[in-house]
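The lines below spell out each chain.
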Amino acid sequence: MNIRLLANRNIQGNAQRYLAYFFSIVLSVSIFFIYASFIFHPDVVHAKIPGGQLISRGLIAAEIVIIIFSVFFIAYSNAAFIQPRKKEFGLLTLLGMSKSQLRKLIYLEQTMVSLISILIGVGLGFLFSKLFLMAISWLLAVEQPISFVFVPEAFIYTIVGFILLFQLLSLFSLFHIGNAEVVDLLKDKQKPKKTPFVSKWLIALSAVCLSISYYLACTLSLNNSYIRVLPIVFFVLIGTYFLFSQSIVALCRRLYRKKKSLYGGTNLITQTNLIFNIKDYSRLFFLTSIITAVILTAAGTLFMFSADLKKQGMDNIPQSIGWVENDASIYSVIEPSAVENTLKEDGFKILYEVNMTGVPITHMLPHMRTGEPNENRSLLISESDYNNAAALRKIEPAKLSGKEALYIFPYGGLDYQFVHKGEQKELHFGNGTIQVTMVGQRNQSIVAPIKAATTLMVVDDQLYHEITADVPLKEMARVRGYEVKDWEESMETSSEIEQMSNNHNQLQTRAPIYQEMKQGSILILFIGLFVSLLFFIVQGSMMYLRVFTNLEDKKIQIHALHRLGLTKKEIRQILSAEIRILFFAPFLIGVIHAIVAYVALSNLLESNLFVYSSMVIATYFLFQLLYYQVTKKIYERAVINSIK
């Protein structure tokens, strides 16, 4: 028997252990190939597809994520395959196999598996790339579907890239075995496992880090998010690692001391196995919990953003059609009658209209970054006009008197306070100046935030009339707006109105912006779905590998317990409990991390995302439960069938 034949038989003998790894690699290669087929598609390269370049950049980012993730997964898997076979390698060395031959054997095994995975992955990717192109064509709403063509670059980058990746990682994995002594290889499994070390200080550090990260996330806002993201990630990683390596160990040891529960049923065996294996499990728990949190957060963010898109459009663009006339005495942008006639001709019902005038003013506001005062422009409007528009949008009315003023900033996601209650501010209009007392700031939009009307300054009606008494109408600005029923379907009508306009910069239509954002979010969701699926399969495969790494040892233990009187039903309970802990302990922590991330996202979007987040978590749980059931059945069958 030569080494090549021995490697082939070893793969066949370890087929059960290689199953999840093989499936994960095939999926990674397939997704990578499908994305590469689009990136290097001739129509995309030559910019013949509208929006193709934008999608291409997103897919390139996804490709990079897949490669980085594949590096960690393959490295972890190689170590998981080698660890339980050290005794086998020791026996082969004892029988005369040299270290170079042993390295060659391991290298051939990993190379054969990788080549088969790559070829099958590329084949499946090529078959399904047609469906992917059809889906992208539908999402982009192109007139002619993207043609299915042979893309040589996709084959070259995928095959060559993954072969190089496998070869490099395989070479790294050989050093550990190649330098080990025969005695160490033979006795690796016989080394007694010690009770894991527990430090109260590290437990406290875990609690502090997680508390800090949760506080930073729950108080996250748009203006401080760029500062807090990295600290949140850092503290979550540190806290989660010591949670599993220290806090969970301490919890297990506390449970171990409760003798009444310990001696009930199969608890003694289950808890003892958990305590002495927790050191090996801690890294897996850490990785899978972080992966779970990443999947849930990313998928939840994409789903919630897409589902909440309509509300965001209505919050940021207050009317379906809105524009600002710099000269309130004439209509130079577009005639209101033309807008009304176009909407009625196309069958759209006008729910309400906004018509208000205001005086452009200047005042000083602090710069968001530096805090230094800067001159800013706003539109001064009356309390009555504001309250009328606010009532139409179901916003709380303003209550002002005397020389009080309210500052309106149109972007709700930004909670930066430009003005403070009780602050004295000078407002400059034309040749006049007036000092007002600020009652506060509202971050909401009631009219189209365009040019002079981007921000508003609301004052009492009497004060407004005093200020504007001598201001001619041509020096004032006029804001018009129409809210339309079923505005989402007014794409063509909005485009027609935009073409009728004399100044596109002064006109804002909601439907085209909404549809563009909707299309982009669906595309991102579509791409993210594949990457999230890959992450899920990979983290499940890591658990599968962990379960089957100690399969032979578990068979020996279970066989001994069966001889002592344990029934097959009790054995199944032990195996189910161990696998359940592997799958759902990190899942629980990952869900907690994701819920905190959802709270932060809800604060940023100013929306209640409980329903959306519950749907994402429930869907993920069902997939996790399915993966657990399949793994449990395979594992139980492998162990129990060994009992004679």
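For clarity, every value in this text was computed on a predicted model and none was experimentally measured.

K.L.:
Help me understand helix H17 (residues 491-500) in this model?
P.N.:
Within an α-helix, residues lying three or four positions from one another point in the same direction, as the helix has 3.6 residues per turn. Restricting attention to buried positions, one finds in H17 the residues Thr493, Ser494 and Ile497. Looking down the long axis of H17, one finds its buried residues gathered within 100 degrees of arc, a one-sided arrangement. In H17, the exposed positions that point more than 90 degrees away from the buried face belong to Glu492 and Gln499. In this fold, the buried residues of H17 make contact with strand S1 (321-325), helix H14 (336-345), strand S9 (507-509) and helix H18 (510-549).

K.L.:
Mind showing me how you'd approach the nonpolar core here?
P.N.:
A general trend in soluble globular proteins is that nonpolar side chains are found buried together. In this structure, Tyr21, Tyr35 and Phe38 are the most contacted members of the largest nonpolar core, which totals 101 residues. Counting 24 residues, the second-largest nonpolar core is a separate cluster that includes Val359, Ile361, Phe409 and Val459.

K.L.:
Teacher, can you tell me more about the pattern of salt bridges here?
P.N.:
Think of it this way: side chains of opposite charge can pair up when their charged atoms draw near. Scanning all chains against the criterion turns up three salt bridges. The residue Arg480 makes a salt bridge to Glu353 at a minimum N-O spacing of 2.7 Å. Of this pair, Arg480 sits in strand S8 (residues 477-484) while Glu353 sits in strand S2 (residues 350-366); the two residues are 127 residues apart in sequence, bridging distant segments of the chain. The class for Arg480 is buried, based on a relative accessible area of 5%. We classify Glu353 as partly exposed; its relative accessible area is 40%. One salt bridge connects Arg510 with Glu483, and the closest N-O pair in it is separated by 3.0 Å. Of the two residues, Arg510 is situated in helix H18 and Glu483 in strand S8; the sequence distance between them amounts to 27 residues. This pair shows no difference in class: Arg510 is buried, exactly as Glu483 is.

K.L.:
I would appreciate a short explanation of the pairing of strand S3 (residues 373-382) in the present structure.
P.N.:
Each regular strand displays side chains that alternate between the two surfaces of the sheet. One ladder, built from eight bridges, connects S2 with S3; its direction is antiparallel. If you follow Met364 over to S3, its bridge partner there is Glu375. Inspection of the sheet shows S3 paired to strand S7 (residues 456-459) by four bridges, in the parallel sense. Looking at S7, one finds that Ile381 is bridged to Val458.

The rules behind these values
- Residues numbered from 1 in each chain as written.
- Predicted model: local features only at pLDDT ≥ 70, side-chain atom pairs only at ≥ 80, totals over all residues.
- Heavy atoms only, no water.
- Buried < 20%, exposed > 50% of the residue type's maximum accessible area, 1.4 Å probe, protein only.
- Helix = DSSP H or I, 4+ residues; strand = E, 2+ residues; numbered from the N terminus.
- Arc of directions from axis to C-beta.
- Contact = heavy atoms within 4.5 Å.
- Core = buried A, V, L, I, M, F, W, Y, C linked by side-chain atoms within 4.5 Å.
- Salt bridge = Lys/Arg side-chain N within 4 Å of Asp/Glu carboxyl O.
- Pairing = 2+ DSSP bridges.

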